[in-house]
Structure formats: structure tokens, C-alpha cells
Amino acid sequence: MSDSPVPSGHGSAVPSAPRRHARTLAAPGPDPSTSGAVRARPAGSESTHLLETSAAPRLAQDPPTGRTTGPATRALADPHLVYDPVAGDGPKDVVILGSTGSIGTQAIDLVLRNPDRFRVTALSANGGRVALLAEQAHRLRAKTVAVAREDAVPALREALAAQYGTTEPLPEILAGPDAATQVAASDCHTVLNGITGSIGLAPTLAALEAGRTLALANKESLIVGGPLVKALAEPGQIIPVDSEHAALFQALASGKRADVRKLVVTASGGPFRGRTKAELAHVSVEDALAHPTWAMGPVITINSATLVNKGLEVIEAHLLYDIPFDRIEVVVHPQSYVHSMVEFTDGSTIAQATPPDMRGPIAIGLGWPERVPDAAPAFDWSKASTWEFFPLDHDAFPSVGLACHVGRLAGTAPAVFNAANEECVEAFRAGALPFNGIMETVTRVVQEHGTPRAGTSLTVADVLEAETWARTRARELTAQTAEARA
């Protein structure tokens, strides 16, 4: 639905822009060990875009939702590349998806403090907080506002009228389940995908297909649609915004891929760090929502309590950086100061550290390869502090091991894992499932799904079908659990 004529269909808000190209930053030199390496043209060549070697064929595809065939052979995120850098002094045009959520509101704070660096052209949200959305649109002078809920349009139009008054033209309004996908393909430089959940996949694909730089905070896009994302993403086109992956991104910039021994993903441990599986049997929803470090939405907070979020981040790290699962480790770091680390073959470990604040990773996503001054607080090194690291208790928190398992299975298995978890989290919040029952039920759904057939391609329809089955089966098993407990 739109207040002004917009063609229907995937990414149809504007015609797709010409594909952009990446150029190398001051990288540490060639890396012949990298599968699917890229090489720059010789100095003095008129073209500065990267060329793919014959060892890295692009995946065959019918963009943006068609089948993918062939292996994915390169890292999706590479700090040594920059995708279509902005020339001159003008601000980057940015689209923010999920603008009324945690990532979106912090991104807007960053934009408002840096009007010379960024200019927001469009916003999207679910539609549950129309007053905030209207205020954001007015402050940012956004041209387009999109909501997923069509029933929110009257209230949104009223809220916009209150903000703009009678003398200013209102922004264009898009509404419906494809609204975020439309603005993701609209005319801009960077799309920040801050949507929560697998509904962020279609906007991710639309942004990539339209040739936009993608600042990706929606980890589910990669979890459920990794091969589809790999089929469309150009070198340097994705910049991760999760704090852990932004940390890995920055640490990887210090060396060559051939010299990387291990990725170390840190976890706060959530509210239940140090508890045994038996001690977790009777924890409450309120307990699970009491995160000691981060202020997040309820689903993400409970995922942090089960450490499902860390399992998803391991899959994401594997896809972003093309590092095998056996070389990705999770460690518990309660202070949440070190956001992740890269261990190199010479024994050096490079850590990225800041006080807990998502504006730093958001600034990397929007500003790279430049840094945004004072984007987030820095440490006061004149004050003493203690940083601790502990091994992960896989018995109490089996989610990370299960996530690695489904990541290796690939195909639709990660989508099944993610969808079943979302259903089980809602059941836990509703009192229909105990805390330990979340992962017990997810494990059973994954087991019943089985091993995806080898050698088959993946489509968006496959992902949606697998998610639907997983949600249905998770609800059935949850109902059985609730009946048995009654």
C-alpha cells in the first residue's frame, strides 16, 4: 500500500542502480591461500574494481529469489575492501530498516549527531510505534516512511500530520509486508537492516540486488538464507553491525586471511552465567529478561539467556568470514568489554574492545572505511578494571553446539533451528514451556527435520516452507509439553 503511485513487486520502489564495484584498502598484501581470492588491477589501470580469479566463480542465480548453484567460495565481509566509496564531502544517503527498534533508534542518534556524514532518505518499521516513527521522519526529513502493518497507516498519517503541521508536505507512506523490501531497494548508498527475525531476509536480498552497501544487523538473513545472500553479495558489499562481528571485522583488518588461526566470539553469559542445567530448570521469564549488560528486546534478551544468540553468531561468523566451524570458539566474558578476538598463526591475538554500546558497531556499518569520531564512549584507562574470560558450559547451554551442527548441515537446517527457537521463546514467555524446554524442543524439531539432501540448491520458497514446518512442529510439541505439565 502506498500514498503515492509505486510499482508493485520486489524492490520496485525505484529501478535498480548500476552494480557498484569494490576497491582495495591498504591491505597486507596478496593471500594466495584464500579460496576465491580477488586481485586488484595493476597500478595505473583506469579501473580500480576488483577482479575475481578463476578459482572463485560466481554462483549461478535468478536474482533475487531464484535458485543458487555451485559452491560459495569467498568471505562475505572483508575489511580490506570498500564497496563504492563516497567521493567528495557530501553525506551518505542511508535507509534505516527497523527504525523504532534498538538498532534503529541508536543509528538515528548517530545520524543526528553527524549530519555532515549521513542523511536518512527512508525509514521502515513494523508499525507498532507510529508516534516515534513520525517523530523520526520529521527530525530526519525522510522522504519515505514504510510500515509492515497496513492497519497502522491511519494512525501513522495522523501522527505525521501532528509533526509536520499544515505547511510542510508529508513523506510518502508505504505499507504492507513488502514495504521494507521496497525501501531497501530505493535510491541510497547504504541500507542499515536493523529488523529482528527472518522477515529481514527479503529486504537484505533487495538491497544487495539493487547494488546498495548493506550494513547488516539482521543476523537471521544469513542464518536462514546464507546461500542466497552469498549468491548476490559483491566483494565488500556487506559490513556487519553485530557487536561481535564488527569486532571481528576490525580485528581481521590487521592481518592476512592466511594468517588467521581462530575466531574467538565473546559472550556475556547472560543472566544465568555459572548456573548448572539443573539450576536452570525453574527460572522465570523475569529472570531471563534481566540481562546484566545489554538493554535489548525481549526475544533477543531471552536468546542471550539461552545463548542461542551466540550459536547464531557462530553461524554468522562462518558465513561472513568463510572460516570453518572448528576454528570458531565461544568464550564467556562477563564484562562485555572485549567484543571478539582474532587469533593469528604467530600466537598474537587482536581484540576489539569498547564499553558496551551499539553505536560503535553501527558507526562501523555506516561509515566504513572511515571512522566516526566520538561515535561511542571510550575507556577511561586511568581507572582500574578487571576483565575475565571463562570457557563455555556446553551442558548447561547446548545451543551453541546445536547451532554449529545445523550450520554444518546447511540447506534449510539453520532456518528450521531459527524458526523453532522463535516459537519456543514465545511459548516460554507465555508460560507454556520451561526454560530448558526451549532448547529441548528446538533440538527435537531439528532432529525430525533431518539432514538436507546434498547437492540440492536453495530458494526463498524452500526457506519459507522449512520455517513454516518448523513453527508448526514446535507449536505442536510445545502444546504437548504444556498439557503434560498441567
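Residues numbered from 1 in each chain as written. Predicted model: local features only at pLDDT ≥ 70, side-chain atom pairs only at ≥ 80, totals over all residues. Heavy atoms only, no water.

Peer 1: Honestly, the overall build of the chain in this entry has me stumped. Any pointers?
Peer 2: Helix and strand content of the chain: 15 helices and 16 strands. Counting all 486 residues of the chain, 53% fall into the buried class. Taking the contacts inside the chain whose residues are at least 6 apart along the sequence as the reference set, 73% of them involve residues at least 24 apart. (Helix = DSSP H or I, 4+ residues; strand = E, 2+ residues; numbered from the N terminus. Buried < 20%, exposed > 50% of the residue type's maximum accessible area, 1.4 Å probe, protein only. Contact = heavy atoms within 4.5 Å.)

Peer 1: Would you mind going over the pattern of salt bridges with me for this structure?
Peer 2: Any two side chains of opposite charge can pair, so long as their charged atoms come close to each other. Tallying each qualifying case throughout the model produces 20 salt bridges. A single network of salt bridges, built from pairs that share partners, joins Asp 109, Arg 113, Asp 357 and Arg 359. (Salt bridge = Lys/Arg side-chain N within 4 Å of Asp/Glu carboxyl O.)

Peer 1: Explain the sheet that holds strand β16 (residues 390-391) to me, please; I cannot follow it from the model alone.
Peer 2: In any sheet, the strands associate via hydrogen bonds between backbone groups, in a parallel or an antiparallel arrangement. The strand order across the open sheet built from 5 strands is β15-β14-β12-β13-β16, with neighbouring strands paired in mixed fashion. This sheet does not close on itself; its edge strands, each paired only once, are β15 (349-353) and β16. Two strands pair when backbone bridges link them, and strand β14 (residues 338-344) and β15 are joined in this way by 5 bridges, in the antiparallel orientation. Following the sheet pairing, Glu 343 is matched in β15 by Thr 349. Of the strands in this sheet, β12 (260-267) and β13 (328-332) are in contact with helix α10 (residues 308-321), which crosses β12 at around 150°. (Pairing = 2+ DSSP bridges. Axes fitted to C-alpha atoms, helices over the stretch in contact; angles between N-to-C directions.)

Peer 1: What is the right way to read unusual backbone geometry from this model?
Peer 2: Excluding glycine, a negative phi dihedral is what most residues carry, and trans is how most peptide bonds are arranged. Trp 368 connects to Pro 369 through a cis peptide bond whose omega is 15°. Relative to the assigned elements, Pro 369 resides in the loop between α11 (359-367) and β16. A positive phi angle is found at Ala 410, which is not glycine, with a value near 60°. As for its position among the elements, Ala 410 is in the loop between α12 (399-409) and α13 (413-429).

Peer 1: Mind showing me how you'd approach the packing of aromatic side chains here?
Peer 2: To describe a pair of aromatic rings, you give the distance between the ring centres and the angle between the ring planes. Applying the stated criterion across every chain, the model contains 8 aromatic pairs. On the basis of an interplanar angle of 75° and a centroid distance of 5.1 Å, the ring pair of Phe 249 and Trp 368 is categorised as edge-to-face. On the criterion of sequence distance, the pair formed by Phe 249 in helix α7 (residues 243-252) and Trp 368 in the loop between α11 and β16 is long-range, its members being 119 residues apart. Trp 368 matches Phe 249 in its accessibility class, with the two residues each being buried. What links up through ring pairs into an aromatic cluster is the set Tyr 337, Phe 379, Trp 381 and Trp 387. (Phe/Tyr/Trp six-rings, centres within 6.5 Å; stacked < 30°, edge-to-face > 60°.)

Peer 1: Explain the sheet that holds strand β7 (residues 144-147) here, please?
Peer 2: Read across the sheet, 7 strands follow the order β8-β7-β6-β5-β9-β10-β11 without closing on themselves; strand pairing throughout is parallel. Each edge of the open sheet is held by one strand with a lone partner, namely β8 (172-175) and β11 (238-240). Geometrically, the sheet is characterised by an average inter-axis angle of 20° between neighbouring strands, direction not taken into account. Here strand β5 (residues 92-97) pairs with strand β9 (residues 190-193) via 4 bridges, running parallel. Within β9, the residue paired with Val 95 across the bridge is Val 191.

Peer 1: Would you mind showing me how to read the environment of Asp 322 here?
Peer 2: As for its placement among the helices and strands, Asp 322 is situated in the loop between α10 and β13. Take Asp 322: its relative accessible area is 17%, and that puts it in the buried class. For the pair Asp 322 and Leu 76, spaced 246 residues apart in the sequence, the C-alpha separation amounts to 7.6 Å.

Peer 1: Would you explain the nonpolar core in this entry?
Peer 2: Among the nonpolar cores identified, the biggest contains 97 residues, and Ile 238, Leu 263, Tyr 321, Phe 417 and Phe 435 are the most heavily contacted of them. Tallying contributions element by element places α13 first for this core, with 10 residues. Sequence-distant contacts of Leu 263, defined by excluding residues within four places in its chain, comprise Leu 248, Leu 252, Ala 317, Tyr 321, Ile 323, Arg 327, Ile 328, Glu 329, Met 341 and Val 342. Membership of the second largest hydrophobic core comes to 37 residues, among which are Ile 96, Leu 123, Val 153 and Leu 160. (Core = buried A, V, L, I, M, F, W, Y, C linked by side-chain atoms within 4.5 Å.)

Peer 1: Which parts of the structure should I look at to understand the pairing of β9?
Peer 2: Every other side chain in a regular strand lies on the same face of the sheet, so the side chains alternate between the two faces. A two-sided burial pattern is seen for β9, the buried positions comprising Thr 190 and Leu 192 on one face and Val 191 and Asn 193 on the other. Taken together, the 4 bridges between β9 and strand β10 (residues 213-216) define a ladder with parallel strand orientation. Note on β10: the bridge partner recorded for Val 191 is Leu 214. Viewed along the sheet, the connection from β9 through helix α5 (residues 201-209) into β10 turns out right-handed. (Right-handed = clockwise from strand over helix to strand, strands pointing away.)

Peer 1: I keep staring at α13 and nothing clicks. Help me out?
Peer 2: A rise of 1.5 Å per residue sets the reference length of α13, with its 17 residues, at 24 Å; its end C-alpha atoms lie 24 Å apart and thus fit the reference within 8%. For α13, a buried count of 15 out of 17 residues is recorded, marking the element as mostly surrounded by other parts of the structure. At the C-terminal side of α13, Gly 431 shows a positive phi close to 85°. (Expected span 1.5 Å × (residues − 1).)

Peer 1: What is the right way to read the environment of Leu 160 from this model?
Peer 2: Mapped onto the elements, Leu 160 comes out in helix α3 (residues 153-164). Considering only alpha carbons, one finds Leu 160 and Gln 136, 24 residues apart in sequence, at a separation of 9.8 Å. When sequence neighbours within four positions are dropped, the list of residues in contact with Leu 160 reads Ala 134, Ala 137, Leu 170, Pro 171 and Ile 173.

Peer 1: Would you take a moment to explain the pairing of β14 for this structure?
Peer 2: The element β14 is extensively covered by neighbouring structure, given that 7 of its 7 residues are classed as buried. Pairing analysis gives 5 bridges linking β12 to β14, with the strands arranged antiparallel. Bridge assignment links Leu 263 to a residue of β14, and that residue is Val 342. Where β14 folds back onto β15 in an antiparallel hairpin, the turn is made up of 4 residues, including Gly 347, whose phi is positive at roughly 95°.

Peer 1: Help me understand the packing of α7 against α10 in this model?
Peer 2: Pairs of packed helices are described in terms of their axes, by the angle between the two and the distance that separates them. Running from N to C, α7 and α10 point in directions that differ by 35°, and their axes come no closer than 10 Å. Judged by the sense of rotation from one axis to the other, the crossing of α7 with α10 is right-handed. Between α7 and α10, the residues in contact are Glu 244, His 245, Leu 248, Phe 249 and Leu 252 and Lys 310, Glu 313, Glu 316, Ala 317, Leu 320 and Tyr 321, respectively. (Left-handed = near helix turned anticlockwise from the far one by under 90°.)

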